[in-house]
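An overview of the molecular structure
Chain by chain, the residues run as shown.
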Amino acid sequence: MVITPIQITHEEFLKMLKHEIGHGTDGTICKYDFNYLVKVYHSRIFKILDDLEKQNDDDIKIYRMGSGNDKNEVPITAYFYNEENKEHLKMQSKDSIYYAIEKQKSISRTELPKNIVYIDNIFAGCLLKRQHGIGIHKLTGFPLEYRKAIIQEVLISVRELLENNIYPYDIHNSKFAKDAVITKGDGTIEQVGHSHILVNPFTLKTRIIDLDGSSAVYTTHYNENFEKEVFMSLCILLIEFLLQIDPSEIRDYESEIETVAYYLEVARIKSEYIEPLSRLDLNIDEIEDIVKNYTLK
């Protein structure tokens, strides 16, 4: 199947900015049409417009979101990892997007990047399928059985991704995540929430999103280290969403193992799982066992 890249003119892109959906660490997302979005890989939308005029295709820099006063932004750490030659390629590269498009043939539950996007013939980002739902962090008030069904849906999707060597290691984002806040003009900080999991509140079906940026790794072969990172992320999601343990009470999971273990004991988790879960050291089968058997009794 031959993929014809999306070509957008400078003028068309300026019009698209009027339909901006959001922006973050990896870039700015704009409405392309009713079913698709365009993600341009710069958090500062006008910076990319300047770069597009000054740089060659493969020289485009990817910037992190800054405070507005930052002078030295650092490159995003998202990458495509080739196990055979230990090569790291930025996920924002054209080769990596093509790789994701090819992987989509084996994945049915998660939407990966659909195409490459050029602005004035310069590589700028990717085309994404528009997803609908509510961020999982906004549904912590759902009844337990609903939360269990949602986590089960997430686990099924994660298994499919892992089988295809895609590692979504940042799916635990919640409204308490350190990058999920904004500083208002008056200096006050507001928790705006941020999830990489969207949930249909009526069917409880889930969608893992943001798999084109710094929230996922693609590899050509199985990678145990990246898999462990995914499991750690699932453990945090289990603790914060299913068990409703307030993450604001836990400043750092790595240094507060005893605190986490205490809350797990209060939540009446099976005793054999308390110690490993407090260290975020359960595999996906053990996590699923907790989900299936957890009750409030």
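Let me sum up the structure you'll find in this document. (Residues numbered from 1 in each chain as written. Predicted model: local features only at pLDDT ≥ 70, side-chain atom pairs only at ≥ 80, totals over all residues. Heavy atoms only, no water.)

As a further point, take the overall build of the protein chain. Helix and strand counts for the protein chain come out as eight helices and 15 strands. By residue count, 49% of the 297 residues in the protein chain fall in the buried class. Partitioning the contacts of the protein chain with sequence separation of at least 6, the portion at a separation of at least 24 is 61%. (Helix = DSSP H or I, 4+ residues; strand = E, 2+ residues; numbered from the N terminus. Buried < 20%, exposed > 50% of the residue type's maximum accessible area, 1.4 Å probe, protein only. Contact = heavy atoms within 4.5 Å.)

Attention shifts here to the packing of helix α5 (residues 224–242) against helix α8 (residues 284–293). Direction vectors running N to C along α5 and α8 enclose 15°, while the axes themselves pass 10 Å from each other. Classified by the interaxial angle, the pair formed by α5 and α8 is roughly parallel. Crossing angle aside, the handedness with which α5 passes α8 is left-handed. Contacts between α5 and α8 involve F231, L234, C235, L238 and L242 from the former and I284, I287, I290 and V291 from the latter. (Axes fitted to C-alpha atoms, helices over the stretch in contact; angles between N-to-C directions. Parallel < 35°, antiparallel > 145°, perpendicular 65-115°, else oblique. Left-handed = near helix turned anticlockwise from the far one by under 90°.)

On to the packing of helix α4 (residues 144–163) against α8. Where α4 meets α8, the axes come as close as 10 Å, and the angle between the chain directions of the two elements is 160°. On the basis of the axis angle, α4 is roughly antiparallel to α8. Regarding α4 and α8, the two cross each other, and that crossing is left-handed. Note on element contacts: α8 touches α4 through I284, D285, I287, E288, V291 and K292, opposite K148, I151, Q152, L155, V158 and R159. Each residue belonging to the contact of α4 with α8 can be placed in one class, and the counts come to six nonpolar, one polar and five charged. (Nonpolar A, V, L, I, M, F, W, Y, C, P; charged D, E, K, R; others polar.)

Let's shift gears to the pattern of salt bridges. The tally for this structure, following the rule as stated, stands at 14 salt bridges. Note that R109 is salt-bridged to E153, the shortest N-O span being 2.7 Å. Placement of the pair is R109 in the loop between α3 (94–103) and β7 (115–119) and E153 in helix α4, with a sequence separation of 44 residues. The class for R109 is partly exposed, based on a relative accessible area of 22%. Residues K148 and E145 are paired through a salt bridge, measuring 3.9 Å at the closest nitrogen-oxygen approach. (Salt bridge = Lys/Arg side-chain N within 4 Å of Asp/Glu carboxyl O.)

This part takes up the packing of aromatic side chains. Taken as a whole and assessed by the stated rule, the structure comprises five aromatic pairs. Ring centres of F142 and Y146 lie 5.8 Å apart, and the angle between their planes is 70°; on these two criteria the pair is classed as edge-to-face. Plain terms: the ring middles of Y262 and Y263 are 5.4 Å apart, the flat faces sit at 65° to each other, and that makes the pair edge-to-face. (Phe/Tyr/Trp six-rings, centres within 6.5 Å; stacked < 30°, edge-to-face > 60°.)

This paragraph deals with the pairing of strand β8 (residues 122–129). Here β8 lies mainly inside the structure; seven of its eight residues are buried. In this sheet, β8 lies alongside strand β4 (residues 36–40) in antiparallel orientation, the contact comprising five bridges. The residue of β8 that forms the bridge with L37 is L128. As defined by bridge partners, β7 adjoins β8 across five bridges and the pair is classed as antiparallel. (Pairing = 2+ DSSP bridges.)

With antiparallel pairing, the three strands of this open sheet are ordered in space as β9-β13-β14. Each having just a single partner strand, β9 (134–135) and β14 (206–208) make up the two edges of the open sheet. Each of β13 (197–199) and β14 is contacted by α4, which is oriented at about 40° to β14, the strand it contacts most.

Let us look at unusual backbone geometry. Positive phi outside glycine occurs at L204, with the angle close to 65°. Note that L204 resides in the loop between β13 and β14. Judged by relative accessible area, which is 12%, L204 ranks as buried. Positive phi, close to 55°, is recorded for L280, a residue that is not glycine. Position of L280 relative to the elements: it lies in the loop between α7 (271–278) and α8. L280 sits in the buried class, given a relative accessible area of 8%.

Don't take any of this as a statement about function, it's just geometry.
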